[in-house]
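Fold and geometry: a report
Each chain is listed here by its residues.
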Amino acid sequence: MVMLGFCALSILVLVSRIQIVDERFGSIMGMRREFALAVLRHDSVILGLLLACLIPALVLRSRILGFLFKAGSLLVLLFYLSDLLVFRVFNLRLFVEDILIYGLDTKSVLFMASSVLGSAGELLLPIVLLSLVGALLSFLLLPLKSFPRLLAGMSAMVLVFAVIAVAAPDLSGANAWVVENVLEVNRPNGLARPYGPEKTARALNGSCLGEVDTVLPDPPGDGRPDIILVLFESLSLYQTRLFSETRDIVPRFDSITRRGTAFTDFFSNGFNTDDGLIALLTGIPPLPTTTMINTGDRGGFDGFFGISDSLPRRLRDMGYHTVFVTSGDLDFSMKGQWLLSIGFDQILGHDEPYFNGMERYHFLSVTDRALYENIIYNVLPDLQGSRPYFLVIENVSTHHPFWEPETGSTKEEEVFRYADTQLGWLYDNLEAEGFLRDGLLIITSDHRSMTPLRSEEFGRFRDEARARIPLVFLGRGQEPGRVVEGYFQQTDLPASVLHLLGEEAPLSGMRGNLLSNPPVPSRYVIYYGGQERDKVWVFGEDGTWSIRLDGDRTEFLQNRPSDGDSVLDFVNCVRIQAEARNGR
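This section reports on the structure supplied with the text.

**Observations regarding the side chain of Asn 513**
Checked against the element boundaries, Asn 513 lands in the loop between β12 (505–507) and β13 (525–527). By relative accessible area, Asn 513 is classed as buried at 0%. At 2.9 Å, the side chain of Asn 513 and the backbone nitrogen of Leu 515 are in polar contact. Separated by 2.9 Å, the side chain of Asn 513 and the backbone nitrogen of Ser 516 make a polar contact. Apart from the residues lying within four places of it in its own chain, the contact partners of Asn 513 are Phe 488, Ser 496, His 499, Ala 505, Leu 507, Pro 519 and Val 520.

**Regarding the packing of helix α10 (residues 197–204) against helix α21 (residues 564–581)**
Direction vectors running N to C along α10 and α21 enclose 85°, while the axes themselves pass 9 Å from each other. Classified by the angle between their axes, α10 and α21 sit roughly perpendicular to one another. On α21, the residues that touch Lys 199, Thr 200, Arg 202, Ala 203 and Leu 204 of α10 are Asp 569, Asn 572, Cys 573, Ile 576, Gln 577 and Ala 580. Counted by class, the contact of α10 with α21 contains five nonpolar, three polar and three charged residues.

**As for the packing of aromatic side chains**
Per the stated rule, a full pass over the model turns up 21 aromatic pairs. Their ring planes at 85° and their centres at 6.1 Å tell us that Tyr 377 and Trp 425 sit as a pair that is edge-to-face. In this pair, Tyr 377 is assigned in helix α16 (residues 368–383) and Trp 425 in helix α17 (residues 412–432), connecting sequence segments 48 residues apart. Site record: aromatic cluster; members linked through ring pairs are Phe 267, Tyr 487, Tyr 527, Trp 537 and Phe 539. Lying across the ring of Tyr 238, Arg 454 places its NZ or CZ 4.1 Å from the centre.

**Some remarks on the nonpolar core**
Side chains that are nonpolar tend, in soluble globular proteins, to be buried together. With 76 residues, the main nonpolar core has Leu 281, Trp 338 and Phe 390 as its most contacted residues. Counting residues per element, this core draws most heavily on α21, which supplies eight residues. Contact partners of Leu 281, with chain neighbours within four places excluded, come to Leu 229, Ser 310, Leu 311, Pro 312, Trp 338, Leu 339, Ile 342, Phe 344, Phe 390, Val 392 and Pro 494.

**A word on the environment of Gly 477**
Considering the arrangement of structural elements, one finds Gly 477 in the loop between β9 (471–475) and β10 (482–484). Look at Gly 477 and you get exposed, because its relative accessible area is 74%. Considering only alpha carbons, one finds Gly 477 and Arg 437, 40 residues apart in sequence, at a separation of 9.3 Å.

**As for the pairing of strand β15 (residues 543–548)**
Both strand β14 (residues 535–540) and β15 contribute to a ladder of six bridges, which runs antiparallel. By the bridge assignment for β15, Trp 537 is matched with Ser 546. Between β14 and β15, which pair antiparallel and follow one another directly, the connecting turn spans two residues. Counting the residues between successive antiparallel strands, the hairpin from β15 to strand β16 (residues 555–556) contains six residues, one of them, Gly 551, with a positive phi of roughly 60°.

**A word on α16**
Two residues of an α-helix separated by three or four positions point the same way, owing to the 3.6 residues in each turn. Of all the bends in α16, the greatest, near 40°, is centred on Ile 375. Looking only at α16, the buried set comprises Asp 368, Ala 370, Leu 371, Tyr 372, Glu 373, Asn 374, Ile 375, Ile 376, Val 379, Leu 380 and Leu 383. Looking at the buried residues of α16, the elements they touch are β2 (227–231), β5 (321–326), β6 (346–348), β7 (389–394) and α17.

**Overview of the environment of Glu 555**
When you line up the elements, Glu 555 lands in strand β16. The spatial distance from the C-alpha of Glu 555 to the C-alpha of Val 567 is 9.9 Å, given a sequence separation of 12 residues. A polar side-chain atom of Glu 555 sits 2.7 Å from a polar atom in the side chain of Arg 560.

**Remarks on the pattern of salt bridges**
Summed over the entire model, instances satisfying the criterion amount to 25 salt bridges. Between Asp 83 and Arg 93 there is a salt bridge; the shortest N-O distance is 2.8 Å. Taken as a pair, Asp 83 in helix α3 (residues 63–90) and Arg 93 in the loop between α3 and α4 (96–102) lie far apart in primary sequence, 10 residues in all. On the accessibility criterion, Arg 93 (1% relative accessible area) is buried. Lys 535 is the salt-bridge partner of Glu 532, the closest N and O atoms lying 3.4 Å from each other. Residue Glu 532 is classed as buried on the basis of its relative accessible area of 16%.

About the criteria used
- Residues numbered from 1 in each chain as written.
- Predicted model: local features only at pLDDT ≥ 70, side-chain atom pairs only at ≥ 80, totals over all residues.
- Heavy atoms only, no water.
- Helix = DSSP H or I, 4+ residues; strand = E, 2+ residues; numbered from the N terminus.
- Buried < 20%, exposed > 50% of the residue type's maximum accessible area, 1.4 Å probe, protein only.
- Polar contact = N/O pair within 3.5 Å; in protein donor to acceptor, adjacent residues only side chain to side chain.
- Contact = heavy atoms within 4.5 Å.
- Axes fitted to C-alpha atoms, helices over the stretch in contact; angles between N-to-C directions.
- Parallel < 35°, antiparallel > 145°, perpendicular 65-115°, else oblique.
- Nonpolar A, V, L, I, M, F, W, Y, C, P; charged D, E, K, R; others polar.
- Phe/Tyr/Trp six-rings, centres within 6.5 Å; stacked < 30°, edge-to-face > 60°.
- Lys NZ or Arg CZ within 6 Å of the ring centre and 35° of its normal.
- Core = buried A, V, L, I, M, F, W, Y, C linked by side-chain atoms within 4.5 Å.
- Pairing = 2+ DSSP bridges.
- Bend = angle between axes of the 7 residues up to and from the residue.
- Salt bridge = Lys/Arg side-chain N within 4 Å of Asp/Glu carboxyl O.

Here is the structure:
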């Protein structure tokens, strides 16, 4: 029975993988058969390995060796199953470095696990965990009985999986990451390859932007405006009718956007919240360092601590009071320590007194409504004074996996409708208090939702769809109903805000200006997608390219833009400088 259960679970994971990949990629790409067969080819290696490890456990008389072989096969199966769950929830693969960075936050992991089980998750999770522990102990401790037919059958299955792994058709190209098995996606690659002394010296002795043009600022208006940046977790184009012309999930956001300046070709520079914060607050794309496996000692901000010219530090030097407010746990991924290192005067999180006694959700967070109430009733009154302020607000309710706090619904649309309503409440209160007469309100997303690409998204934007997000400026100097086209990205924001306040803004192919007159787009957008950890996307009006990270041998895959050398120099420089900040 133990053996049958082990084999049945392995086959179930394989079938589930094929089904999910088929739904999320095969149907959209019109290649259902190709994706299914490619998953079967790659995952057959895993199943063959699992069974091959069990055969010695059946025939060896040594309990210790039998235990070791069983433990090895069990670890592979758990890794295989965990990869499936991560892919199902986050549309990403499971990487060892992510386990080290995020897996130690047991409270958040347990909340997400219960969310996956649905509305009854809190009740079901203990039962599932106890059953799993019991099954694991039974498998490890109970002896496996060897039967000739069982051995013959398992040996035949190993042979069948080996044939499939060699003979089944494969899939290459941009989506190869989704069909590779979990061991393949974690294999060593060029991401960890260090740069040589020549490139390192050049990067450390200059600016990554290379040659720049300077945009002189317009004369600043009367006084310096208060600035509020709202990060709407996972807000994506497909949820807004104004930007996508399809779904109407966030009507309040759309109505608010019509009152300001909307940027219809705005891109995130990374795939998660840490990446979005790095790009928006430092102006540097969140490219990975050359460390092979991040040990978690710097959370998700590895290489980006202590940025000397970050937006909050520059604003603080100009006399601003800089504040970051979220409803989530600031210890998660070392966010609080990182925010302090880049120049925030005040950092408020889930342990605010106003939240005492409230129910908790993702990352120990309270609801968006409680977050915004605390800001309106407590934070903003304390900020009123002689100094202008820069306030960053980060919500949590729309973080994956989805959970609507008022009804317990796990449906994406209902979660975003809830968050949209609360954003409208915040906006109405800011407007009623007169903030928009002189202040600047910026609303954008930290990254596109970690959900599969929709067919309409992919059909319209192709690979760019994974990085496009909304952006709107409201209030001081913004014309209602204005729409700005052109390729802009999160890393453009810091220099753009400083330009508005009278600072000169450097422009290059990698950096545009959102607030100049007229706005100047970036020539190239740099995007780190996270699906393939050694790959960087480059988007531009002239095409889409990708770069394979490999130390001094970092190079474009297939084709490259006309000035590809400058793009490569920029990418290499950002990574080298990030590694140098680690002091490694």
